[in-house]
Amino acid sequence: LFLDIGSGAGKLVLCAARLYPSQFKECRGVEIIEELHDLAEAFSDELASRLCAKSATAGLNERFESSLAPRAFQLGDFEDCDLSGVHVVSIYATTWASTGPYLTTVARVLSDQLPFGARVIVIDKLLADRTGPDVGFELTHTIEGANADTGSSTAYVYTKVHRSG
C-alpha cells in the first residue's frame, strides 16, 4: 500500500495509482483540510471516468481495471489512519509544524506502526535528529532537486529498520 500523508488535492496518490497499478494494492491519501480532501475525491473520480471512457472508446474495457490502482482518501489526522499493510509513505512537509527541521511526532507514529522494510519519503524535513535501530529508521538516500513551488527541495528516503516496542 502507498500512503500520502497530507495528500492535499491527491495528485501524488493519483500519480502512484496510475503509474504503478500492479505494484500497489491500494493508494491512499489522508488530508486534514476538508476542501482539499473533497478535491482529491473529485479528481480521483474524474481520472477513473476518463480512463474508463478512453478504454471503452478503444474497445478495451477489461484493461481499464488494471490501469489504475484502487484509491482511497481519508479526511482527518494521520494519527487516526490504519497503517497496517502500508509499505511506502510520502510526506511533503513544507507547511508542517516541527521541532526545527524534525517531524518527531510523525517519526514516533510511523515507527510504532509501519512494518519492517517500509519506506518513508519526506520532502524538506527530517523524521528525527538521528536515525538508527533505536529510532526505528535508517536514512538511506538524500535527493536534491528542483521544485516549482519552492525553487528547490530535498527528499529524505528512510527505511524502517525494526519494529518498535
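None of these values were measured; they are calculated from a predicted model. (Residues numbered from 1 in each chain as written. Predicted model: local features only at pLDDT ≥ 70, side-chain atom pairs only at ≥ 80, totals over all residues. Heavy atoms only, no water.)

Chemist: Which parts of the structure should I look at to understand unusual backbone geometry?
Modeler: Peptide bonds are trans in most cases, and residues, glycine excluded, mostly fall at negative phi. Positive phi is not limited to glycine here, since Asp 124 has a value of about 70 degrees. Looking at where Asp 124 falls in the secondary structure, it is placed in the loop between strand S5 (119–123) and strand S6 (137–147). (Helix = DSSP H or I, 4+ residues; strand = E, 2+ residues; numbered from the N terminus.)

Chemist: Explain the pattern of salt bridges here, please?
Modeler: Opposite charge on two side chains lets them pair, provided their charged atoms get close. Counted under the stated rule, the structure contains 3 salt bridges. Between Arg 28 and Glu 26 there is a salt bridge, with the nearest N and O atoms lying 2.6 Å from each other. Between Glu 79 and Arg 108 there is a salt bridge, with the nearest N and O atoms lying 3.9 Å from each other. In this pair, Glu 79 is assigned in the loop between strand S3 (71–75) and strand S4 (88–92) and Arg 108 in helix H4 (residues 104–113), connecting sequence segments 29 residues apart. Taking relative accessible area as the criterion, Glu 79 reaches 36% and is therefore assigned partly exposed. (Salt bridge = Lys/Arg side-chain N within 4 Å of Asp/Glu carboxyl O. Buried < 20%, exposed > 50% of the residue type's maximum accessible area, 1.4 Å probe, protein only.)

Chemist: I'm lost on the side chain of Asp 4 in this one. Help?
Modeler: Residue position: Asp 4 is located in strand S1 (residues 2–5). Salt bridges are absent for the buried Asp 4, whose nearest opposite-charge side chain, Lys 11, sits at 9.6 Å. In this structure Asp 4 touches Leu 12, Val 13, Arg 28, Gly 29, Val 30, Ser 90 and Ile 91, once residues within four positions along its chain are discounted. (Lys, Arg positive; Asp, Glu negative; His and termini not counted. Contact = heavy atoms within 4.5 Å.)

Chemist: What is the right way to look at the environment of Tyr 102 in this model?
Modeler: Position of Tyr 102 among the secondary structure elements: in the loop between S4 and H4. On a C-alpha basis, the gap between Tyr 102 and Ala 128 in space is 5.1 Å, while along the polypeptide they are 26 residues apart.

Chemist: Help me understand helix H1 (residues 11–19) in this model?
Modeler: Helical geometry note: an α-helix holds 3.6 residues per turn, so side chains three or four residues apart project in the same direction. Taken together, the buried positions of H1 are occupied by Val 13, Leu 14, Ala 16 and Ala 17. Seen along its axis, H1 keeps its buried residues to an arc of 160 degrees; they face one direction. Opposite the buried face of H1, by more than 90 degrees, sit the exposed residues Lys 11 and Leu 19. (Arc of directions from axis to C-beta.)

Chemist: Got a minute to help me understand the environment of Lys 160 in this structure?
Modeler: Inspection of the secondary structure puts Lys 160 in strand S7 (residues 151–160). Residue Lys 160 is classed as buried on the basis of its relative accessible area of 1%. The sequence separation of Lys 160 and Leu 139 amounts to 21 residues, and the corresponding C-alpha distance is 9.1 Å. Non-local contacts of Lys 160, meaning those with residues more than four positions away in its chain, are made with Leu 110, Ser 111, Leu 114, Pro 115, Phe 116, Gly 117, Ala 118, Gly 136 and Phe 137.

Chemist: It is not clear to me how the sheet that holds S7 should be interpreted in this structure. Could you clarify?
Modeler: Strand pairing within a sheet occurs via backbone hydrogen bonds; the two strands may be parallel or antiparallel. What the 7 strands build is an open sheet, ordered S3-S2-S1-S4-S5-S7-S6; its pairing is mixed. In this open sheet, the two strands that pair with only one neighbour each are S3 and S6. Taken over all neighbouring pairs, the strand axes of this sheet differ in orientation by 15 degrees on average, direction set aside. Pairing between S4 and S5: 5 bridges, direction parallel. Along S5, the bridge assignment pairs Tyr 92 with Ile 123. (Pairing = 2+ DSSP bridges. Axes fitted to C-alpha atoms, helices over the stretch in contact; angles between N-to-C directions.)

Chemist: Where do I start with the confidence of the model for the protein chain in this structure?
Modeler: In low-pLDDT segments, the atomic positions of the prediction should not be examined closely. Overall, the predicted model of the protein chain reaches an average pLDDT of 85, with 82% of residues at or above 70. Predicted confidence in the protein chain is weakest over helix H3 (residues 61–64), with a mean pLDDT of 50, and strongest over S1, with 97. (pLDDT = per-residue confidence, 0-100.)

Chemist: How do you make sense of the packing of aromatic side chains when you look at a structure like this?
Modeler: Note on aromatic pairs: each is described by the distance of the centres and the angle between the planes. Here the structure, examined in full by the defined rule, presents 3 aromatic pairs. Centroid distance Phe 2 to Phe 24: 5.5 Å. Interplanar angle 55 degrees. Geometry classified as tilted. Remark: Phe 24 occurs in the loop between H1 and strand S2 (27–31) and Phe 2 occurs in strand S1; sequence separation between them is 22 residues. Of the two residues examined, Phe 2 and Phe 24, each falls in the buried class. Ring centres of Tyr 20 and Phe 24 lie 6.2 Å apart, and the angle between their planes is 85 degrees; on these two criteria the pair is classed as edge-to-face. (Phe/Tyr/Trp six-rings, centres within 6.5 Å; stacked < 30°, edge-to-face > 60°.)

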